[in-house]
Amino acid sequence: MRDQLDKLVQELLEKGVRYDEARREFEKMFIARALQRSKGNVGDAAELLGLHRNTIARKITEYRIKRSS
């Protein structure tokens, strides 16, 4: 996984992607995948990610993530 991440970071830097943009996209995707895995249950997604459910709920709103059921 570390090698894949290293390649991704190199690619992003070569394409001129800024840190803040990359972080936001990563966070959005990470949360969206956790929600898919938990069938839209915010509490379960929060537990998977090690975050408080209120943080996940705020991020869902901030990033306009669709909750799948």
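The text that follows walks through the structure, step by step, so that each part is easy to find. (Residues numbered from 1 in each chain as written. Predicted model: local features only at pLDDT ≥ 70, side-chain atom pairs only at ≥ 80, totals over all residues. Heavy atoms only, no water.)

## A short note on the overall build of the protein chain
What the protein chain contains, in helices and strands, is 4 helices and 0 strands. N-terminal to C-terminal, the α/β element order of the protein chain is α-α-α-α. Principal axes of the C-alpha set define a box for the protein chain whose edges measure 35 × 25 × 20 Å. Residue burial in the protein chain is summarised as follows: out of 69 residues, 20% are buried. In the protein chain, of all internal contacts separated by at least 6 residues, the share reaching a separation of at least 24 is 49%. Taken as a whole, the protein chain presents about 6000 Å² of accessible surface, with 50% of it coming from carbon and sulfur. (Helix = DSSP H or I, 4+ residues; strand = E, 2+ residues; numbered from the N terminus. Buried < 20%, exposed > 50% of the residue type's maximum accessible area, 1.4 Å probe, protein only. Contact = heavy atoms within 4.5 Å. Areas by Shrake-Rupley, 256 points an atom, 1.4 Å probe, with all protein chains shown as cover.)

## Quick word on the packing of helix α2 (residues 19-37) against helix α3 (residues 42-49)
Running from N to C, α2 and α3 point in directions that differ by 125 degrees, and their axes come no closer than 8 Å. Considered as vectors, α2 and α3 are oriented oblique to each other. Along this stretch, α2 crosses α3, giving a crossing that reads as right-handed. Across the interface between the two elements, Phe30, Ile31, Ala34, Leu35 and Arg37 from α2 touch Val42, Ala45, Leu48 and Leu49 from α3. Among the residues making up the contact of α2 with α3, the classes are represented as 8 nonpolar, no polar and 1 charged. (Axes fitted to C-alpha atoms, helices over the stretch in contact; angles between N-to-C directions. Parallel < 35°, antiparallel > 145°, perpendicular 65-115°, else oblique. Left-handed = near helix turned anticlockwise from the far one by under 90°. Nonpolar A, V, L, I, M, F, W, Y, C, P; charged D, E, K, R; others polar.)

## Some details on the nonpolar core
Listed in full, the 11 residues of the largest apolar core are Ile31, Ala32, Ala34, Leu35, Val42, Ala45, Ala46, Ile56, Ile60, Tyr63 and Ile65. Among the secondary structure elements, those contributing two or more residues to this core are α2, α3 and α4 (53-63). Not counting residues up to four positions away in its chain, the partners in contact with Ile31 are Leu49, Ile56, Lys59, Ile60 and Ile65. (Core = buried A, V, L, I, M, F, W, Y, C linked by side-chain atoms within 4.5 Å.)

## Notes on the pattern of salt bridges
Side chains that carry opposite charge are capable of pairing whenever their charged atoms lie near each other. Under the defined criterion, the tally for this structure stands at 7 salt bridges. Put simply, Arg24 and Glu62 hold a salt bridge, and the shortest N to O gap is 3.2 Å. Highlighted residues: Arg24 in helix α2 and Glu62 in helix α4, separated in sequence by 38 residues. Between Arg58 and Glu62 there is a salt bridge, with the nearest N and O atoms lying 4.0 Å from each other. Of this pair, Arg58 and Glu62 both sit in helix α4, 4 residues apart, which is roughly one turn of the helix. A relative accessible area of 47% means that Arg58 is categorised as partly exposed. Assessed through its relative accessible area of 37%, Glu62 is described here as partly exposed. Here the residues in one salt-bridge network are Asp20, Arg23, Arg24, Glu27, Arg58, Lys59 and Glu62, joined through shared partners. (Salt bridge = Lys/Arg side-chain N within 4 Å of Asp/Glu carboxyl O.)

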